[in-house]
Amino acid sequence: MSSLALMRWLEGTPERYDAGMRALTLGRVAMLHAAVAEASVREPGDRVLEIGCGTGAVTQRLCARGARVTAIDQAPEMIEQAMARVRPSHAGPVTWLEQTASEIDRLPAGEFDAVVLSLCLSDMSPGERSWVLKRATERLAPGGRLIAADEVRAPAGWRRAAQVLWRIPQAAIGWLLVGSLSRPVPNLCDEIRATGLPIRSQTCWLLGSLQLVVAQRAA
Amino acid sequence: MRGGGRILDLIKEVLQTSFRLFPWPTEPGLRRIGRPDRSSPVLLTGNYDLSVRRLLRVLEGHDAWLLVAPSGGINVWCAAAGGQLTTHQVVTALKTSGVADQVDHRRVILPQLAATGVLALDVFRRTRWSLRFGPVHMRDLPAYLASQEKTDAMRRVLFPLVDRLQMAVMWAAPIMLVLGGAALWLKPDWVLPLGLLIASMSVAVFTLYDRLGTARRGGLATASVAASVAATVLAGGSGLAIGAAVLAPTLLTALLTFDYTGSTPLEGGSHFEERKWSITLDTERCEGVYRCWEVCPEACFEKREEVRKVELAHDERCIRCGACVVQCPEDALFFQDESGARIEPDVIRRYKLNLLGQRSIEAG
């Protein structure tokens, strides 16, 4: 078990997680968080479900825009960190739930103006992803939007090559700092289309390797 | 299996056995073993490729569903203790794999060593699947599936020679790769003696160390230094080589015997604990559920069916893995030291691995 111990020591704390994410995205993660929050809240009072809130970087921005947030994460230490972060800037009420994305089917269907999946889909297996996207879509109220942001496979050619080269050290750094071996989502847009939701917009950063996709349920 | 597939499988087996210190992820999800039907057993494991491939070999000729849960590419024992295979991953696998559409029952069998991380009661509350802890070793699965009964032998972790040698290889291979690589670059004629030293010390530590008393452990370390110095002198080594011959076995001893987690597969002690924590049973609270008996890898517990209680009959064997504490639905088990200070069950559930003495820090 010794190898594991070493790994657990290196990973795990929310501070190291945040630092790791900043390093891995060359600081682009802050832009992504801001864009996610902007796309998620149209007006104060919107009901937003955030799946995988992590250390609360997006939760904080959602609250600042006046959203009523339901934030779920499976890691209690992440929720603790997120609660501490959100409290000072608190604008709207937050419901914190310690559970996995695979338990969102216990939340009411058709109740949310937005469902946010920020940097959590790439941690899931393809099977889990399609299950979660389908259930996430079912949580949306008429006219509600699905906002997914994640690391995706860059467009073929030199950008894909650059991503592969960049990911080799990143896989090592990521494993040490964040403790997970995430893989880029091969085709985020197709996976979202498979739920039946039409895509409204997409934005890319880092040579197309970070992508924000907004899809919307018919009103 | 075709010849090419077999060779690939063998290469994978050798690579993964040598470098099992590292994650080897395989795709999570539901797999078929043989031709399972709606009443076939459902077995769950982590997405550690080495285990999954070995499991498929062990169960050849059986019909079962194999549910591979996302455990970060880490083996069940480590992932359960380290937080990569917890209630959450089991819930995720049960709910998103579609297994519920394939079988009529709601029973899933987990490896016993998942018990430090996966809370059976919590899984049931969240999914209505009832969870049983099967044998420790997959080689016992065919007998377990046939009899539906877990014998005492299936419960115990005995750490036989073959397991010890696998541990030795697991440590020796990456150390050899790093040190051997450095030597190849700086001092090519050191590669062979260094390789021999690493190999022999890994085998010695993992086969002998825990069977020796404290004084003789020091003897083992001293003997390894003496042997490496003697060999160096005999080979006509210079002052620098003799220095390395003293330093290398000393560092290797430290690396190989260091207790990172609060307990090692070799022993249940801990270098971090100032106080000695003992497993303690509050008999009043015990309701005779026998989960502790089911999951203890050292068979510390005995059933007292006539009073519906469990007895902590062999607490001297306890390696403090915490599996019994984690599983007890009545919170009747905890760790306590001589002064009466306690580590409560919730702390154990949170810090399954006593990493760098984390449990004691939490206990204050």
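Relevant structure appears above.
Each chain has its residues counted from 1, running along the sequence as written. Each chain takes a letter, starting from A, and each ligand takes a number, starting from 1, following the order in which they are written. Whole-chain, interface and lining totals are the exception, using all residues; otherwise, since this is a predicted model, local features are given only for residues with pLDDT of at least 70 and side-chain atom pairs are given and counted only at 80 or more. Remark: hydrogens and water are excluded; side-chain values derive from all non-hydrogen atoms of the structure.

**Q** Can you break down the environment of A154(A) residue by residue, with the values?
**A** All names here are of chain A. Each helix is a run of DSSP H or I of at least 4 residues and each strand a run of E of at least 2, with the numbering of both proceeding from the N terminus. Position of A154 relative to the elements: it lies in the loop between β5 (140-151) and α7 (158-177). C-alpha of A154 to C-alpha of P184: the two residues are 30 residues apart in sequence and 8.7 Å apart in space. In this structure, A154 is in contact with R159, R160, Q163, L207, G208 and S209, ignoring residues within four places of it in sequence. Two residues qualify as a contact provided that any one of their heavy atoms is within 4.5 Å of a heavy atom in the partner residue.

**Q** An account of the nonpolar core is needed here, citing residue identities and associated values.
**A** Note on terminology: a nonpolar core comprises buried Ala, Val, Leu, Ile, Met, Phe, Trp, Tyr and Cys residues joined through side-chain atoms within 4.5 Å. Note on exposure labels: buried denotes an accessible area under 20% of the residue type's maximum, exposed denotes more than 50%, and partly exposed covers the range between, all computed with a 1.4 Å probe on protein chains only. Counting residues in hydrophobic clusters, the biggest one holds 29 residues, and the most contacted among them are V90(B), L110(B) and L131(B). Elements with a contribution of two residues or more to this core: β2 (42-46), β3 (64-69), α3 (76-82), α4 (87-96), β4 (107-110), α5 (120-127) and β5 (130-133) of chain B. Among the domains, domain 1 (3-155) and domain 3 (278-363) of chain B are the pair contributing at least three residues each to this core. In contact with L110(B), other than residues within four places in its own chain, are L44(B), V90(B), V118(B), L131(B), R132(B), F133(B) and G134(B). Counting residues in hydrophobic clusters, the runner-up holds 28 residues, among them I51(A), C120(A), L133(A) and L140(A). An automatic or database domain assignment supplies the start and end points of every domain.

**Q** Give a detailed account of unusual backbone geometry, specifying residues and quantitative values.
**A** Residue and element names in this part refer to chain B. Non-glycine residue Q148 carries a positive phi angle of around 60°. On the secondary structure map, Q148 appears in the loop between α6 (141-147) and α7 (152-155). The exposure class assigned to Q148 is partly exposed, which follows from its relative accessible area of 46%. Phi angles above zero are rare outside glycine, and Y290 is one such case at about 65°. Looking at the secondary structure, you find Y290 in the loop between β6 (278-281) and α12 (291-295). Of the residues examined, Y290 reaches a relative accessible area of 11% and is grouped as buried.

**Q** Let's hear about the sheet that holds strand β4 (residues 112-118) of chain A: which residues, and what values?
**A** Residue and element names in this part refer to chain A. Should DSSP find at least two bridges between two strands, the strands are regarded as paired. Spatial ordering of the open sheet is given by β3-β2-β1-β4-β5-β7-β6, a layout of seven strands whose pairing is mixed. Of all strands in the sheet, those with a lone pairing partner are β3 (94-98) and β6 (199-205), marking the two edges. Averaged over all adjacent pairs, the angle separating strand axes in this sheet is 15°, with direction ignored. Axes, fitted as lines to C-alpha atoms, cover a helix only where it is in contact. Angles between the N-to-C directions of the axes lie from 0 to 180 degrees. Relative to β5, helix α3 (residues 28-40) is tilted by about 175°, and along the sheet it contacts β1 (47-51), β4, β5, β6 and β7 (210-216).

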